[in-house]
Amino acid sequence: MSNTIDHLLDEDRRFPPSADFAANANGTAELYERAKADREGFWADQARELLHWHTPFTQVLDWSNPPFAKWFDDGELSVAYNCLDRHVEAGNGDRVAILFEGEPGDERRITYAELTTEVKKAANALQSLGIGHGDRVAIYLPMIPEAAIAMLACARIGAIHSVVFGGFSADSLRSRVDDAAARLVVTADGGYRKGKVSPLKPAVDQALADRGTGAQETVEHVLVVRRGGNDIEWTEGRDLWWHEALDAASDEHEATPFPAENPLYILYTSGTTGKPKGVVHSSGGYLTQAAFTNKYSLDIHPESDVFWCTADIGWVTGHTYVVYGPLALGATQVMYEGTPETPHPGRWWEIIQKYGVTILYTAPTAIRSFMKQGRQIPQQFDLSSLRLLGSVGEPINPEAWIWYRDVIGSGRTPIVDTWWQTETGATMVAPMPGVTDAKPGSAQVPLPGILVDVVDEQGATVDNGNGGLLVVTAPWPSMLRGVWGDPERFKETYWAKFAAQGYYFAGDGARKDEDGEIWLLGRVDDVMNVSGHRLSTTEIESALVAHESVAEAAVVGATDETTGKAVVAFVIVKESYLAAHSPEGLAGDLRGWVSGQIGPIARPRDIYIVSELPKTRSGKIMRRLLRDVADGHEVGDTTTLADTAVMSVISAQVK
Ligand code: WT7
């Protein structure tokens, strides 16, 4: 039985960087040479060049007890000092760290000097509430500067933060607070979303309310940031205003160094089943790779760039590319509180024009939703400051890639498609802008110092041109150090499949092209076997999105008596097309189109034209639920959907 994934879609457009971009880029081909010659030495150099060490390390990687890695183990550093004080000491205290734009249009420009002072006060405030080294602090905030300040204040005193996405429910918050036995929660009265104040504090009250749960016992204090101006319930003795606590705190605070392996944070990520996993990241290795990737793969020049990573602080992208990466480099960045369409659909482009954003890093799901609305919206704004665009979170279909480059990047900006995960902590596979000739739809090459492969079920390398499973074959600095409180789950989830080879298995399918470069094919759980061919959802979705009528597509394998699985597609049609075409006609056209693009084997049995797709809060399509619909089953658990009503709409549309 073959377990490789069949490859059907060809994409041969190539985009070399301009001579001007290449001449000014941080990345060079030489980095790959250096890393190849001495991988550990290369990472040691990066750690020394990019960070300040209070106690220099002498050891690089300790892999004597796999899969528990230690990097730079005898070194000591302060993550907060690296992100704050050292920039002030170097004379850059007046440089803006955060250009904050609230959804209602309020602005705050926070310099490195001001951010450092705020973090010092917050660190003192936490300490005065008894929080210290190793304690867990849950952070449940909107996308406001206090989120970064709270995280850095924890880092400064060696407390471990666990950021819980502000869109999660009281139940999700409770289970995360319980699992980590957090002693303190930082929240806000609310935050602005879609023109309204979305309350947060009531969810905290609810999460901590029921007697007999763990949360009731461990949480001593709740610090509340005033943002929305809502009336809130107050628990005397437990609840404190953030601004009052900070006003009362001293602005002097010495950054304490901690060992490189001191845990920096826990971030919960939903497993395929059961309770969320608390992914644990450490300090020295994590910060090294966060800064390295932000400098080379996203090409930040701290003196001149205005960086904008649109991720919420509740996801790993918000940790690595809003807080730790850009601040470690001393960069200037935009932070935006609200949704892209509020108060008008051009809000993001207006922000880029207003602040002169030079590097934009966002997700394919956002790009496709802008495609759906049409290019006339971004074209009303001056986007000429942009010089580099990044993508993360899902495979970016070639058509979306081209649209992103043409419409947002004026047809000239390089695009970096960055593959990584909550667990990897930072980018692993991505083109190096200025060095790599870009291929639309491909994440291309592992970063210097990162070793990955595409293998079959037995762990053997697949030949170029074939598909299989993406693995990381050697430990990397920002790798997860474990699953909070559950070492067995850590081993079982990530290391058991290729235990003999010692590979980390990421859960993704991928293929190597003729040049040996990597194309992500989606989660292997989503791969479908049609008449003995293993087809990737990503390729068929890409073919659909390449049709001029389609804005978004999700493909699943439905049970089929003849073929085992049959391809079933759910598509969102562009607004301009809907009026002029009948759904039946469009479905017929699309079936023929997919057949022509990638072959009759991929021809969808059914095509449903829908108005929405089920997505998680981080924008990933939940194909499991669509499989239920395609198979005519009762739709499964929808609680992690961003909008739980979507599935009833889709079920009705399919009927
Ligand atoms: C999964 C990890 C990476 C931070 C945000 C998501 C998918 C991520 C890409 C990409 C294809 C991608 C993978 C991965 N993914 N980036 N550039 N191309 N797929 O973090 O929530 O932990 O999700 O996202 O399936 O395993 P996450």
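Heads up: these notes are all about the structure in this document.

## Considering the layout of surface pockets
Here's step 1: Computed from the structure, the second largest pocket encloses a volume of approximately 270 Å³.
Here's step 2: Taken together, 16 residues make up the lining of the second largest pocket; nearest its centre are Met371, Arg375, Trp403, Glu548 and Lys574.
Here's step 3: Those elements that provide at least two residues to the lining of the second largest pocket are helix H15 (364–373), helix H16 (398–408) and helix H19 (575–578).
Here's step 4: Per-element tally for the lining of the second largest pocket: the top contributor is H16, with 4 residues.
Here's step 5: Residue classes in the lining of the second largest pocket are distributed as 5 nonpolar, 4 polar and 7 charged.

## Remarks on the site of the ligand
Here's step 1: In the neighbourhood of the ligand, 16 residues make up the surrounding shell, with Asp417, Thr418, Thr422, Asp508 and Arg523 lying closest.
Here's step 2: Glu394 is positioned such that a nitrogen or oxygen atom in its backbone is 3.3 Å from a nitrogen atom of the ligand.
Here's step 3: Within the side chain of Arg523, a nitrogen or oxygen atom sits 2.7 Å from an oxygen atom of the ligand.
Here's step 4: In the complex, 89% of the free accessible area of the ligand, which totals 550 Å², lies under the protein chains.
Here's step 5: Sorting the residues of the shell around the ligand by element identifies helix H13 (316–329), strand S20 (415–418) and strand S25 (518–523) as the ones contributing at least two each.
Here's step 6: For the shell around the ligand, the class distribution of residues is 6 nonpolar, 5 polar and 5 charged.

## Observations concerning a positive patch on the surface
Here's step 1: A grouping of Arg193, Lys194, Lys196 and Arg617 is seen on the molecular surface, where their side chains present a positively charged patch.
Here's step 2: Tracing the chain through its elements places Arg617 in the loop between strand S30 (606–609) and helix H21 (623–630).
Here's step 3: On the basis of relative accessible area, Arg617 is assigned to the partly exposed category, the value being 30%.

## Quick word on the packing of aromatic side chains
Here's step 1: Summed over the entire model, instances satisfying the criterion amount to 33 aromatic pairs.
Here's step 2: Aromatic side chains Trp63 and Trp495 sit 5.8 Å apart centroid to centroid with 55° between the ring planes, which places their arrangement in the tilted category. Of this pair, Trp63 sits in the loop between strand S1 (61–62) and strand S2 (70–71) while Trp495 sits in the loop between helix H17 (487–494) and strand S24 (504–512); the two residues are 432 residues apart in sequence, bridging distant segments of the chain.
Here's step 3: Trp63 gets classed as partly exposed once you look at its relative accessible area, which sits at 27%.

Reading the values: rules and limits
- Residues numbered from 1 in each chain as written.
- Predicted model: local features only at pLDDT ≥ 70, side-chain atom pairs only at ≥ 80, totals over all residues.
- Heavy atoms only, no water.
- 1 Å grid on protein atoms, 1.4 Å probe; cavity = no way out; pocket = protein on both sides within 12 Å on 5 of 7 lines; lining within 4 Å.
- Points joined across faces, edges and corners; volume = space filled by probe spheres on them.
- Helix = DSSP H or I, 4+ residues; strand = E, 2+ residues; numbered from the N terminus.
- Nonpolar A, V, L, I, M, F, W, Y, C, P; charged D, E, K, R; others polar.
- Near = heavy atom within 4 Å.
- Polar contact = N/O pair within 3.5 Å; in protein donor to acceptor, adjacent residues only side chain to side chain.
- Areas by Shrake-Rupley, 256 points an atom, 1.4 Å probe, with all protein chains shown as cover.
- Patch = residues over 30% accessible without salt bridge, like charges linked within 9 Å, V, L, I, M, F, W, Y side chains within 5 Å.
- Salt bridge = Lys/Arg side-chain N within 4 Å of Asp/Glu carboxyl O.
- Lys, Arg positive; Asp, Glu negative; His and termini not counted.
- Charge placed at Lys NZ, Arg CZ, Asp CG, Glu CD.
- Buried < 20%, exposed > 50% of the residue type's maximum accessible area, 1.4 Å probe, protein only.
- Phe/Tyr/Trp six-rings, centres within 6.5 Å; stacked < 30°, edge-to-face > 60°.

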